[in-house]
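In case you want the letters, here they are:
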Amino acid sequence: MFCFQLLIGDVLGKLTVKTPETKPPELTFCDHLNISVCLLTEESKSFTVTVYNPLARDLATYVRLPVAMASMAVFGPQGAPVETQLLPISNATKELRKDQNQKQSHSSFELVFTAKVPALGFATYFVNSTKAKSSSTLKKKFLRPVPKYAYTDSGEVSIENEFVKLTFSQDTGHLTSMTDLTSKVVTALSQAFYWYNGSMGNDSSHQPSGAYIFRPYSSLVHLISSDSKMEIFKGPLVQEVRQVISPYISQVIRLYAGQRHAEFDYTVGPIPVGDGWGKEVISRFDTDIKSDQLFYTDANGREIQERKRNYRPTWKLNITEPVAGNYYPVNSRMYIKDSAKQLTVLTDRSLGGSSMKDGSMEIMLHRRLLVDDKRGVGEPLNEKGVSGKGLIVRGKLCLTLAPPESSGALHRELGEKLLLEPVLAFAPNSLTFKKWTSQFNSLHSGMTRQLPANVHLLTLETMQNTALIRVEHQFETGEDPKLSQPVNISLAELFTDFTIESMTEMNLSANQLLKDKKPLHWNIKSKDNVE
């Protein structure tokens, strides 16, 4: 991470300055933004945020920054004011900061705004303190809990943007339904946290659950809580529901303006094991989708693989582990569908998941086990972490709901954005906007035009006078009526920082000319020629 930040900082510094004689801004990176810790933004009254976009398409992304002062204004790369929203930092996040020894962080608010960044480029935003307002005025303007009239006679409350509506039970605080406002598709949807009891070995098998092996003691899954404490905040940029599920699980469910997905930001841990039971915690989504034993997971973020419960396509499966035998890697996404609707879950990291019953998907989030699985680690999966109480996991799941024929376009675009999220760099700033922009570039793109929506720039690596470029079509055949079609692109005059004079087509590894490639031919036995 540190080497990557040095590289990004060096590149941004060189591209930012307008003349070689100018010293670039001293950029810093904040590694704990996911727990609202960034000392520069918390302690500075004026600073810049440079947002780098690694995608070959223009990007509009939401930036969340911890700030100590409630009166902060944001200005864009051209000096225009940017709409913002202020939210109080949750108690769960404050406690998490203490557990992670981030006691120097005392920010009370998160500043939210939209950053628009050109393809393969950066944009610099300017954040300045403004004249302080009274606390009552700020509370009225920024901290908007749901008013009493938002609750209906049905005992439900909802959040929504232009595309998605989520409904929650006022009594339990849990999710009850999700609506795609574009297609009018609605699904009953509940989400809860459960845990499996990790096996320590039994009469049928001495194999325990551990670092390399997932093997629950039984198929029984334990509900962690049937209700949750709920807070709701609504603003012009984001609406969010904050849930406290148990002493070791909390969650924030968000809908950002203009986005087609819901975001589930979960915090799990330290998992309690004082009862002598190792626990493997899942998040489960239950719907009315008629999935008919089928669910789908990705293969390394690319091809989608159909999975069928208790089944293998090439041999007769003898089920001895009904839960573990139906778990698969979920590198980036997983979904279930029927003829009318498809619910897709996208992850921000590689996890494991399954569909243990029709209409249901579960994702493994965190594990803490008390016995070594005897596969080489030599110790139980029971790290104590910074706090000494056990590891805490904070991550993000994203949900999309749409008809199956339009779901591919949604999850492919979102999956690419989750894989290559923008990089934020910060610098203190004492200059006026006019003075700053006279020395530095506030906007830069490495491309003269965007790539088509179905083409991903996989590799761009320069070596002296040579560049290695890989592009990939990121849609499968039949996944989308338009975006799955073949597409032609031109690399001529595509990049702003260098000019392509000639091109040579190579194999995928770039170690052989494509014209010299000689594929191997295999003699394959089929059912027709096997006795």
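Everything below is about the structure printed above this text.
In short, a report on the structure. (Residues numbered from 1 in each chain as written. Predicted model: local features only at pLDDT ≥ 70, side-chain atom pairs only at ≥ 80, totals over all residues. Heavy atoms only, no water.)

**Digging into the overall build of the protein**
Item 1. Looking only at helices and strands, the protein features six helices and 29 strands.
Item 2. For the protein, the C-alpha atoms occupy an extent of roughly 75 × 70 × 50 Å along the three principal directions.
Item 3. When burial is assessed residue by residue, the protein has 49% of its 531 residues classed as buried.
Item 4. The contacts in the protein between residues at least 6 apart in sequence include a share of 69% that link residues at least 24 apart.
Item 5. Within the protein, the 56 negative side-chain charges are centred at a point lying 4 Å from the centre of the 60 positive side-chain charges. (Helix = DSSP H or I, 4+ residues; strand = E, 2+ residues; numbered from the N terminus. Buried < 20%, exposed > 50% of the residue type's maximum accessible area, 1.4 Å probe, protein only. Contact = heavy atoms within 4.5 Å. Lys, Arg positive; Asp, Glu negative; His and termini not counted. Charge placed at Lys NZ, Arg CZ, Asp CG, Glu CD.)

**Some remarks on the sheet that holds strand β19 (residues 304–308)**
Item 1. Strand order in the open sheet made by the nine strands is β13-β14-β15-β16-β25-β22-β21-β18-β19, with antiparallel pairing throughout. The open sheet has two free edges, formed respectively by β13 (229–234) and β19, since each of these has just one partner strand. Neighbour-to-neighbour, the strand axes of this sheet turn through a mean angle of 20°, independent of strand direction.
Item 2. Bridge count between strand β14 (residues 238–246) and strand β15 (residues 249–256): eight bridges; the pairing is antiparallel. (Pairing = 2+ DSSP bridges. Axes fitted to C-alpha atoms, helices over the stretch in contact; angles between N-to-C directions.)

**Some words on the layout of surface pockets**
Item 1. Taken as a whole, the second largest pocket holds about 1100 Å³ of empty space.
Item 2. Contributing to the lining of the second largest pocket are 27 residues, with A467, L468, I469, L491 and T504 lying nearest its centre.
Item 3. Within the residue set of the lining of the second largest pocket, elements represented by two or more residues are β28 (455–463) and β29 (466–473).
Item 4. Broken down by element, the lining of the second largest pocket gets its largest block of residues, seven residues, from β29.
Item 5. By residue class, the composition of the lining of the second largest pocket is 14 nonpolar, eight polar and five charged. (1 Å grid on protein atoms, 1.4 Å probe; cavity = no way out; pocket = protein on both sides within 12 Å on 5 of 7 lines; lining within 4 Å. Points joined across faces, edges and corners; volume = space filled by probe spheres on them. Nonpolar A, V, L, I, M, F, W, Y, C, P; charged D, E, K, R; others polar.)

**Observations regarding the environment of F29**
Item 1. Position of F29 among the secondary structure elements: in the loop between α1 (2–16) and α2 (39–43).
Item 2. Spatially, the C-alpha atom of F29 lies 7.2 Å from that of Q5, the residues being 24 residues apart in sequence.
Item 3. With residues near it in sequence (within four places) discarded, F29 still touches Q5, I8, G9, V423, L424 and A425.

**Observations regarding the pattern of salt bridges**
Item 1. Enumeration over the complete set of coordinates arrives at 25 salt bridges.
Item 2. E472 is the partner of R302 in a salt bridge, and the nearest nitrogen-oxygen pair spans 3.0 Å. Separated by 170 residues along the polypeptide, R302 in the loop between β18 (294–298) and β19 and E472 in strand β29 bring together distant segments of the chain.
Item 3. Three or more residues are tied together by salt bridges with common partners; here these are R64, E110, E240, R242, R254, E263 and D265. (Salt bridge = Lys/Arg side-chain N within 4 Å of Asp/Glu carboxyl O.)

**What to know about helix α3 (residues 91–99)**
Item 1. Taken residue by residue, α3 has T93, L96 and R97 as its buried positions. The arc that holds every buried residue of α3, seen down its axis, measures 100°, which confines them to one face.
Item 2. A positive phi of about 60° marks N101, the residue just after α3. (Arc of directions from axis to C-beta.)

**What to know about the environment of R333**
Item 1. Topologically, R333 is positioned in strand β21 (residues 333–337).
Item 2. We classify R333 as buried; its relative accessible area is 4%.
Item 3. Linking R333 and D348, residues 15 residues apart in sequence, is a C-alpha distance of 9.1 Å.
Item 4. Apart from residues lying up to four places away in sequence, R333 is in contact with Y296, T297, D298, G301, I304, T344, V345, L346, H411, R412 and G415.
Item 5. At 2.9 Å, the side chain of R333 forms a polar contact with the side chain of H411. (Polar contact = N/O pair within 3.5 Å; in protein donor to acceptor, adjacent residues only side chain to side chain.)

**Quick notes on the pairing of β29**
Item 1. With eight bridges connecting them, β28 and β29 associate as antiparallel partners. Across the sheet, the residue bridging to T462 is A467, located in β29.
Item 2. If you look at the hairpin formed by β28 and β29, you'll find two residues sitting between the two strands, and Q464 has a positive phi there, around 55°.

**Considering the packing of aromatic side chains**
Item 1. Summed over the entire model, instances satisfying the criterion amount to twelve aromatic pairs.
Item 2. Taken together, a centroid distance of 4.5 Å and an interplanar angle of 25° make the contact between Y62 and Y256 stacked. Of this pair, Y62 sits in strand β2 (residues 59–67) while Y256 sits in strand β15, and the two are 194 residues apart along the sequence.
Item 3. Judged by relative accessible area, which is 18%, Y62 ranks as buried.
Item 4. When its relative accessible area of 5% is taken as the criterion, Y256 is described as buried. (Phe/Tyr/Trp six-rings, centres within 6.5 Å; stacked < 30°, edge-to-face > 60°.)

**Notes on the sheet that holds strand β5 (residues 84–88)**
Item 1. Ordered in space as β2-β6-β5, the three strands form an open sheet in which the pairing is antiparallel. Sheet topology places β2 and β5 at the edges, where each strand pairs with a single neighbour. Mean inter-strand twist for the sheet, computed between neighbouring axes without regard to direction, equals 30°.
Item 2. Both β2 and strand β6 (residues 109–117) contribute to a ladder of nine bridges, which runs antiparallel. Bridge pairing in β6 links R64 to V112.

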